[in-house]
Structure formats: C-alpha cells, structure tokens
Amino acid sequence: SGDLATCLVALLRHRNDEGMVFSRWDITPNVEVTNNTFIMPEEDVVVSGICVPKTHTVTWNVMGEKNTENVSFGSAITAPENPVREGYTFDRWSPDIAQTMPDEDLEYSAVFSPVTYYATFTAGGKTVARVPYTLDDTSVAEPAIPAKIGYVSSWEDYTLTAGGITVNAEYVPEIYMARFVADGTVIDEIPYTLETISIDTDGVLHGNKYSVDTTKT
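Quick notes on the rules
- Position numbers for residues count from 1 along each chain, tracking the sequence in the order it is written.
- Selection of residues for local features in this predicted model requires a pLDDT of at least 70, selection of side-chain atom pairs for listing and counting requires 80 or more, and totals for whole chains, interfaces and linings are taken over all residues.
- For side-chain calculations, the full set of non-hydrogen atoms in the structure is used, while hydrogens and water are omitted.
- When DSSP locates at least two bridges between a pair of strands, those strands are taken to pair.
- By definition, any uninterrupted DSSP run of H or I lasting at least four residues is a helix, any uninterrupted run of E lasting at least two residues is a strand, and each is numbered from the N terminus.
- With axes taken as lines fitted to C-alpha atoms, and helix axes fitted only over the stretch in contact, angles between N-to-C directions fall between 0 and 180 degrees.
- The term salt bridge refers to a pairing of a side-chain nitrogen on Lys or Arg with a carboxyl oxygen on Asp or Glu at a separation within 4 Å.
- Residue exposure (1.4 Å probe, protein chains only): buried if accessible area is under 20% of the type maximum, exposed if over 50%, otherwise partly exposed.
- In this description, contact between two residues means that some pair of their heavy atoms is separated by no more than 4.5 Å.
- Only rings of Phe, Tyr and Trp enter the pairing, Trp through its six-membered ring, and a pair is recorded when the two centres are within 6.5 Å. The plane angle decides the type: under 30 degrees is stacked, over 60 is edge-to-face, the rest tilted.
- In this scheme, the term charge over a ring applies when either NZ of a lysine or CZ of an arginine sits within 6 Å of the ring centre and within 35 degrees of the ring normal.

**A word on the sheet that holds strand β5 (residues 55-62)**
Okay, step 1: In spatial order, the strands read β6-β5-β8-β7; together these four strands make up an open sheet with mixed pairing. Only two strands of the sheet have a single partner each, and these edge strands are β6 (65-72) and β7 (88-94). Shown here is a sheet whose adjacent strand axes are inclined to one another by a mean of 25°, direction ignored.

Structure, rendered in structure tokens:
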C-alpha cells in the first residue's frame, strides 16, 4: 500500500448574525486545529460555528447620577426600582424601555413631576391666603398684608421647601415724635410708638408751660 496524501482543511471566517459574535468552532470528531486548519481524517467531519450574544450596556440616568449594567443581546431589560426625589413624583423612564436588548448601548433618563404644595400666609393668627407652589418655583405671588394702624408690615423671610410652609406677617411699630413746645419754642422731642405706655418728661425743661405736638417721623 502507498502513503495516503495529507489533506488540509481550512476553516473559513464565520459570518456573524445580528447581535451575535463568533466564539469558536465545534468539530466532531475531535481534531487538532492549527492556524485555523486541520488534517482531514478518514471519516466525515462535522464543523459547527458557535456564536454567543453580544453584550451591551444599559445606563439608568437619575438627575445626572448614572448606573450602568451589562445586558446580553436579546435578553429582557428590567428597569430598576422607581427612583425617589424629594418634592417630586416619578413618572416614567425616557425613552420607552425596549422589551429586549438590541444590538446597541442604551440610556434611559428618569422623568419626574413636581408635587404641588401650599404656602399659607397668616396675619394675627388668621389665614390670609394659601398660594400653591412647587420646588421648581423660586418665588410665589404674595398676598397683600392686612393693614394695622401705627405699624409697618411685611412678610417674614421664608424658603419654599417640601411639605408646605406657613408665612407669618410681621408688624413693626411706626415711630412718632412728641414735641414739647413752650411759648412757641420746641424745647424737647421724644420718640414713641403706639406700644409706648407713657412718655418720660423728666428731661423736659421745667418751670415752663408747654403744649405737646405729636408728629410721625
């Protein structure tokens, strides 16, 4: 018998399907592969290309804070628990979440809606107005403060926070001036407010008859 000729079999480049990547050749029966070739044995050989799904990233973006995970092509995409943000209600992920992983990276952003709170403005223990606001607002339309004779009024300083706030009116007494006049000459001036119980006249020039003229400063 003569020597049998050696037959080399070259393995061709495998074509990758969408979302799949070539992993290895599976050859039956088992043969030694060198430089992507093998010697043909004296029997039939079955060569199968083994492919595995590609892996891509899914990024969940919550107000700039990102969490990334790896998901294989064709696998189901599962959203994380709904994020929590003070003063806001979680609405949805944008864009709409794909049911299965495509052959590309994805990023989803959390969408929130602001919760409506109320600023309750009170004066003298009574509610003047309830004004709606959200944490997106930097100010609210303040109601007019009920007038109080002899006082200058303003709303106390406040910050729009979650949960609603109460804003109280502040009244500061106006200053008036009591002028002591004797024989047409002002001999003293003493400031007072409507909260002043009495005016100390010890410092007023004695021995003169005088009248008192009150004037707001």
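**Some remarks on the sheet that holds strand β10 (residues 126-133)**
Within a sheet, each strand pairs with its neighbour through backbone hydrogen bonds, oriented either parallel or antiparallel.
Okay, step 1: The mixed open sheet is built from four strands, whose spatial order is β10-β9-β12-β11. Bordering the open sheet on either side are β10 and β11 (151-155), each of which pairs with just one other strand. The mean angle between the axes of side-by-side strands here comes to 25°, regardless of whether they run parallel or antiparallel.
Okay, step 2: Here β11 pairs with strand β12 (residues 165-173) via five bridges, running antiparallel. Looking at β12, one finds that Ser153 is bridged to Tyr171.

**Here we look at the pattern of salt bridges**
Any two side chains of opposite charge can pair, on the condition that their charged atoms come close.
Okay, step 1: Applying the stated criterion across every chain, the model contains three salt bridges.
Okay, step 2: Measuring nitrogen to oxygen at the nearest pair gives 3.6 Å for the salt bridge that ties Asp103 to Lys54. Within this pair, whereas Asp103 is found in the loop between β7 and β8 (106-114), its partner Lys54 is found in the loop between β4 (46-53) and β5, the two being separated by 49 residues in sequence.
Okay, step 3: With relative accessibility at 27%, the residue Asp103 sits in the partly exposed group.
Okay, step 4: Taking the shortest distance from any N to any O, the salt bridge between Lys66 and Glu107 comes out at 3.5 Å. A residue pair is termed long-range when its members are at least 10 positions apart, and Lys66 in strand β6 and Glu107 in strand β8 qualify at 41 residues.

**As for the environment of Ala110**
Okay, step 1: Among the secondary structure elements, Ala110 is positioned in strand β8.
Okay, step 2: Each C-alpha atom of the pair Ala110 and Arg92 lies 6.1 Å from the other, and the pair is 18 residues apart in sequence.
Okay, step 3: Among all residues touching Ala110, those that are not within four sequence positions of it are Asn61, Val62, Pro83, Phe90, Arg92 and Trp93.

**Comments concerning the packing of aromatic side chains**
Aromatic ring pairs: the centre-centre distance and the angle between the two ring planes describe each pair.
Okay, step 1: Applying the stated criterion across every chain, the model contains eight aromatic pairs.
Okay, step 2: Stacked on the ring of Tyr88, the Lys or Arg Arg85 has its end atom at 3.7 Å from the ring centre.

**Some remarks on the environment of Met101**
Okay, step 1: In this structure, Met101 sits in the loop between β7 and β8.
Okay, step 2: According to the relative accessible area criterion, Met101 is buried, its value standing at 1%.
Okay, step 3: C-alpha separation for the pair Met101 and Thr55, spaced 46 residues apart in sequence, amounts to 9.0 Å.
Okay, step 4: Sequence-distant contacts of Met101, that is, excluding residues within four places in its chain, are made with His56, Thr57, Val58, Val71, Ser72, Phe73, Gly74, Ser75, Ile77 and Leu106.

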